[in-house]
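Given next are the chains, with one letter for each unit.
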Amino acid sequence: MKALLLTEAMNVEVTDVSKPTPTSGEILIKVAASALNHRELWIQKGLYPGITVPCILGADGAGTVVEIGHNVDQSWNNKEVIIYPGYYWGTNEDAPTRQFRVLGMPDPGTMAEYISVPVNNLVEKPNYLSWAEAAALPVASLTAWRGLKRHGRIQKDDKVLITGIGGGVAQAGLSLALALGAKVYVTSSSSDKIAFAQSIGAIDGVNYKNKDWHNQLKEVSGGIDIVLDSSPSPDLDNYFQFMNYGGRIVTYGSTGSPKTTINISKFFLRHLQFIGTAMGSPSEFKALLIFMKEHAIKPIVHSEYTLDEGRKAFNSLRSGNQIGKIVINHIK
Ligand SMILES: NC(=O)c1ccc[n+]([C@@H]2O[C@H](COP(=O)([O-])OP(=O)(O)OC[C@H]3O[C@@H](n4cnc5c(N)ncnc54)[C@H](OP(=O)(O)O)[C@@H]3O)[C@@H](O)[C@H]2O)c1
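Here is a short report on the structure shown in this document. (Residues numbered from 1 in each chain as written. Predicted model: local features only at pLDDT ≥ 70, side-chain atom pairs only at ≥ 80, totals over all residues. Heavy atoms only, no water.)

1. Here we look at the packing of helix α3 (residues 138–151) against helix α8 (residues 282–294)
Packing of α3 against α8 leaves a shortest axis separation of 10 Å and a crossing angle of 95°. It follows that α3 is roughly perpendicular to α8 by the angle criterion. Touching P138, S141, L142, W145, R146 and R150 of α3 are E284, F285, A287, L288, F291 and M292, all from α8. Split into classes, the residues belonging to the contact of α3 with α8 amount to 8 nonpolar, 1 polar and 3 charged. (Axes fitted to C-alpha atoms, helices over the stretch in contact; angles between N-to-C directions. Helix = DSSP H or I, 4+ residues; strand = E, 2+ residues; numbered from the N terminus. Parallel < 35°, antiparallel > 145°, perpendicular 65-115°, else oblique. Contact = heavy atoms within 4.5 Å. Nonpolar A, V, L, I, M, F, W, Y, C, P; charged D, E, K, R; others polar.)

Structural data, given as structure tokens:
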């Protein structure tokens, strides 16, 4: 079968590899669409822990069940499914086990014609989502959902800041926070992206390239309760300018800066919380899908490529010009 492989030279190439056979408890899926995440760029740069090559990339995917391994209910046959993009979360909803892994390195990922995964990783695809939308959903929407719900403890009318609104997780966070009744503000490097966020329902936004963006945000928002953050400032003290007392800064990435500093006195005197998060549990994934269906939320798909155009798709993600998810359409 055809797959997008990360080679030993850390290149991404479309290559012929063996089609997997489902083992006991597994199901073989003919992938209809997969989606790109920033994670695959970190992997290609060698900046991800435990890199194992060669490996089929891709954490996000959706497709049709075509073969069933032993000890799996036959009723799964022909079902259209979305794949929960992780292994070994465990039973603790507060945090995964140390063995937790995201799909697609070291385990074979979704950017292939077929993937075999444990049946417990599958959720039926809701009909209102296209293949591209279904594939665009898992990592980004689940990360945003857990960040806002579990860690942010978001409530109606909370003021929420979502940083770097061009990002996949940020876009998902915007749709979810709005559906949860929050008042949403954004940051971006692009006024077009801020305008796009406002057209969906964000109240206002500021450009994080402007050194004074923290004060500007305070002015337009009056104060923020929750930050869903992919890139904390190198100096987190700046956030004290706009954080309301008792606020939560929920961080899921380090795109802007891998390190930050913090004035501890201001931090504890304001009763702030700085919380790390990564993806979410299988039960959160199921709850997310129910919520998205109830509110008819669709992930925003920026563009679609074929499997053969995989390298082009990654170049597009690298450019950072996208608003929403870049998808690989496996059916074209
Ligand atoms: N913890 C997890 O489970 C998890 C899950 C998914 C992603 N992540 C991480 O989260 C980050 C974003 O991932 P993604 O897939 O959503 O990325 P993405 O789609 O590639 O988007 C990255 C966005 O980050 C924004 N950005 C870049 N530099 C910034 C800065 N200095 N300050 C604020 N925003 C900045 C840009 O927004 P504008 O274009 O609006 O300027 C850009 O569009 C990555 O580091 C990724 O590894 C973590």
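2. Comments concerning the pairing of strand β15 (residues 243–251)
Note: strand β14 (residues 224–229) against β15, 5 bridges, orientation parallel. In the sheet register, D229 faces β15, and the bridge partner there is T251. Examined bridge by bridge, β15 and strand β16 (residues 273–276) share 4 bridges and lie parallel to one another. By the bridge assignment, V250 is partnered in β16 with I275. (Pairing = 2+ DSSP bridges.)

3. Observations concerning the site of the ligand
Taken together, 26 residues lie near the ligand, and H38, S188, S189, Y208 and M279 sit nearest. In the environment of the ligand, an oxygen atom lies 2.6 Å from a nitrogen or oxygen atom belonging to the side chain of S189. Y208 is positioned with one of its side-chain polar atoms (N or O) 2.6 Å from an oxygen atom of the ligand. Out of a free accessible area of 920 Å², the ligand has 85% covered by protein chains. Secondary-structure elements contributing two or more residues to the shell around the ligand are α1 (38–44), α3 and α4 (168–179). Along the lines of polarity and charge, the residues of the shell around the ligand split into 9 nonpolar, 16 polar and 1 charged. When residues of the shell around the ligand are sorted by domain, at least three fall in each of domain 1 (2–137 + 299–329) and domain 2 (143–276). (Near = heavy atom within 4 Å. Polar contact = N/O pair within 3.5 Å; in protein donor to acceptor, adjacent residues only side chain to side chain. Areas by Shrake-Rupley, 256 points an atom, 1.4 Å probe, with all protein chains shown as cover. Domains from an automatic or database assignment.)

4. Section: helix α6 (residues 213–221)
W213, H214, L217 and S221 are the residues of α6 that are buried. Viewed end-on, α6 has its buried residues packed into an arc of 105°, placing them on one side of the element. One or two steps after α6, the chain reaches G222, where phi turns positive at roughly 80°. (Buried < 20%, exposed > 50% of the residue type's maximum accessible area, 1.4 Å probe, protein only. Arc of directions from axis to C-beta.)

5. Notes on the pattern of salt bridges
Opposite charge on two side chains permits pairing when their charged atoms draw close. Counting across every chain of the model gives 10 salt bridges. The salt bridge involving K156 is made with D157; its shortest N-O contact spans 3.6 Å. Accessibility expressed as a relative area gives 61% for K156, which makes it exposed. What you see here is one network of salt bridges that share partners, running through D94, R146, R150 and E284. (Salt bridge = Lys/Arg side-chain N within 4 Å of Asp/Glu carboxyl O.)

6. A closer look at empty space enclosed by the protein
Going through the model one piece at a time under the given rule, you end up with 1 cavity of 30 Å³ or more. By volume, the largest cavity is sized at about 90 Å³. If you trace the largest cavity, you find 14 residues lining it, with S141, Q171, A172, P299 and I300 closest to the centre. Sorting the residues of the lining of the largest cavity by element identifies α3 and α4 as the ones contributing at least two each. Here the element with the most residues in the lining of the largest cavity is α4; it accounts for 5 residues. Counted by class, the lining of the largest cavity contains 8 nonpolar, 4 polar and 2 charged residues. Of the residues that make up the lining of the largest cavity, three or more belong to each of domain 1 (2–137 + 299–329) and domain 2 (143–276). (1 Å grid on protein atoms, 1.4 Å probe; cavity = no way out; pocket = protein on both sides within 12 Å on 5 of 7 lines; lining within 4 Å. Points joined across faces, edges and corners; volume = space filled by probe spheres on them.)

7. A word on α3
With 14 residues, α3 extends 18 Å between its outermost C-alpha atoms, agreeing within 8% with the 20 Å of an ideal straight helix rising 1.5 Å per residue. The buried fraction of α3 amounts to 12 of the 14 residues, a majority that puts the element mostly inside the structure. Among the residues of α3, P138, V139, A140, S141, L142, T143, A144, W145, R146, G147, L148 and H151 are the ones counted as buried. Phi turns positive one or two residues past the end of α3, at R153, with a value near 50°. (Expected span 1.5 Å × (residues − 1).)

8. Observations concerning the sheet that holds β16
With parallel pairing, 6 strands are arranged side by side in an open sheet as β13-β12-β11-β14-β15-β16. A single partner strand is all that each edge strand has here, and the edge strands are β13 (204–207) and β16. Pairs of neighbouring strands in the sheet enclose a mean axial angle of 20°, with direction left out of account. Pairing of strand β11 (residues 159–162) with strand β12 (residues 183–188), which is carried by 4 bridges, proceeds in the parallel orientation. Its bridge partner being in β12, I162 is matched across the sheet by V186. Sitting on the sheet, α6 touches β11, β12, β13 and β14, and the angle it makes with β13 is about 170°.

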